[in-house]
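Here are the chains, one letter per residue:
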Amino acid sequence: MTREIVIAPSILAADFARLGEEVAAIDAAGADWIHCDVMDGHFVPNISFGADVIKAIRPLTKKIFDVHLMIAPVDHYLEGFAKAGADVITVHAEAGAHLDRSLQAIRALGKKAGVSLCPSTPESAIEYVLDRLDLILVMTVNPGFGGQSFLGSQLEKIRRIGTMIGARPIRLEVDGGITRDNAAAVVAAGADTLVAGSAVFRGKSAAEYAANIAAIRVAAETGRVQKLQHSSAPPQRAGESALIR
Ligand code: DX5
Ligand code: ZN
């Protein structure tokens, strides 16, 4: 597979006192998407920010806003995040009983639909909603906090989900503890979209953010080459043009 790698810095690791400047800095530093972690203190044991904050930073960049909702219940809030300027809205498979309905609601709002799986949730949870998805997010830490260590147990799940996706135009995203040291492994396993918080916002200057993003991208490209060498699949896949970019 030769999907373009997407690097999505998580603003959870930004300096919230200077959030607008931080968004502008990662935009200039080469971020492909902006990952926004919304936490409710109920589905996850932490509270971050909501739709009003996303709306406030939306005019600062043209990059895709990748909104990861760690909230339950979620359906009632989808329209608010759509109006705030989200491009991709990702809900957790564990957040409610009616995942299929939530995904339909996201697409009905004209947005790309994503689903996220906590580390203990098997890939079978999404087997029957694949055709409603534009993105699958494999959590490589237990959601709730930045700065945690990557869970190697998720590599096998990434591989299995990559196989499930097949030729569908669905991005496979990983989130949690992603660094320049494990980026190659997650991409070799099948990931094409990498969220990174602490590993991007390490350092203080825009120049350091750029170096951090570049290092993750270089490592990810190494993983892409490894995957290509071990794959018999044709280099261009059906549906590639429908992938979120
Ligand atoms: C965790 C969030 C992640 C987190 C990533 O609940 O979904 O996006 O901010 O941060 P790092 O890269 O520091 O693990
Ligand atoms: Zn996230």
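See the structure shown above.
Residues numbered from 1 in each chain as written. Chains lettered and ligands numbered in written order. Predicted model: local features only at pLDDT ≥ 70, side-chain atom pairs only at ≥ 80, totals over all residues. Heavy atoms only, no water.

**Considerations on the packing of aromatic side chains**
- With the rule as written, the count across this model stands at two aromatic pairs.
- Measuring from ring centre to ring centre gives 6.0 Å for Phe16 and Phe49, while their planes differ by 80 degrees; the resulting arrangement is edge-to-face. Of this pair, Phe16 sits in the loop between strand S1 (6-9) and helix H1 (19-28) while Phe49 sits in the loop between strand S2 (33-39) and helix H2 (51-57), and the two are 33 residues apart along the sequence.
- You can call Phe49 buried: its relative accessible area is 9%.
- For the ring pair Phe201 and Tyr209, a centre distance of 5.1 Å and an interplane angle of 70 degrees mean the geometry is edge-to-face.
- Since its relative accessible area comes to 8%, Phe201 is described here as buried.
- For the cation-ring pair, Arg58 lies above Phe65, with the distance from its terminal atom to the ring centre recorded as 3.8 Å. (Phe/Tyr/Trp six-rings, centres within 6.5 Å; stacked < 30°, edge-to-face > 60°. Helix = DSSP H or I, 4+ residues; strand = E, 2+ residues; numbered from the N terminus. Buried < 20%, exposed > 50% of the residue type's maximum accessible area, 1.4 Å probe, protein only. Lys NZ or Arg CZ within 6 Å of the ring centre and 35° of its normal.)

**Focus: helix H8 (residues 206-229)**
- With 24 residues, H8 extends 35 Å from end C-alpha to end C-alpha; this agrees with the ideal 34 Å at 1.5 Å per step.
- All of the buried residues along H8 are Tyr209, Asn212, Ile213, Ala215, Ile216, Ala219, Ala220 and Gly223.
- Buried residues in H8 make contact with S1, H1, helix H6 (183-189), strand S8 (193-196) and helix H7 (198-201). (Expected span 1.5 Å × (residues − 1). Contact = heavy atoms within 4.5 Å.)

**Focus: the coordination of the zinc ion (ligand 2)**
- Distances from the zinc ion (ligand 2) to its protein donors, namely His35 (NE2), Asp37 (OD), His68 (ND1) and Asp175 (OD), fall within the range 2.0 to 2.3 Å.
- One way to put it: the six donor atoms around the zinc ion (ligand 2) meet at angles of 66 to 167 degrees, and that makes the site octahedral.
- Site description for the zinc ion (ligand 2): donor spacing in sequence, H-x1-D-x30-H-x106-D. (Donors = N, O, S within 2.8 Å, 3.2 Å for Na, K, Ca; no water. Tetrahedral: all angles 85-135°; square planar, octahedral: opposite > 155°, others 65-115°.)

**Structural notes on helix H5 (residues 154-165)**
- Over its 12 residues, H5 extends 16 Å from the first C-alpha to the last, a length consistent with the 16 Å expected when each residue adds 1.5 Å.
- Buried within H5 are the following residues: Gln154, Leu155, Lys157, Ile158, Ile161 and Ile165. In an axial view of H5, the angular spread of the buried residues amounts to 155 degrees, which keeps them on one side of the axis. (Arc of directions from axis to C-beta.)

**Side note on the site of ligand 1**
- Near ligand 1 lie 20 residues; those nearest to it are Asp37, Asp175, Gly177, Gly197 and Ser198.
- Within the backbone of Gly177, one N or O atom sits 2.8 Å away from an oxygen atom of ligand 1.
- Between ligand 1 and Gly197 there is a distance of 2.7 Å, counted from an oxygen atom to a backbone nitrogen or oxygen.
- Out of a free accessible area of 380 Å², ligand 1 has 99% covered by protein chains.
- Mapped by element, the contributors of at least two residues to the shell around ligand 1 are S2, strand S3 (64-70) and S8.
- Among the elements that make up the shell around ligand 1, the one with the highest residue count is S2 (three residues). (Near = heavy atom within 4 Å. Polar contact = N/O pair within 3.5 Å; in protein donor to acceptor, adjacent residues only side chain to side chain. Areas by Shrake-Rupley, 256 points an atom, 1.4 Å probe, with all protein chains shown as cover.)

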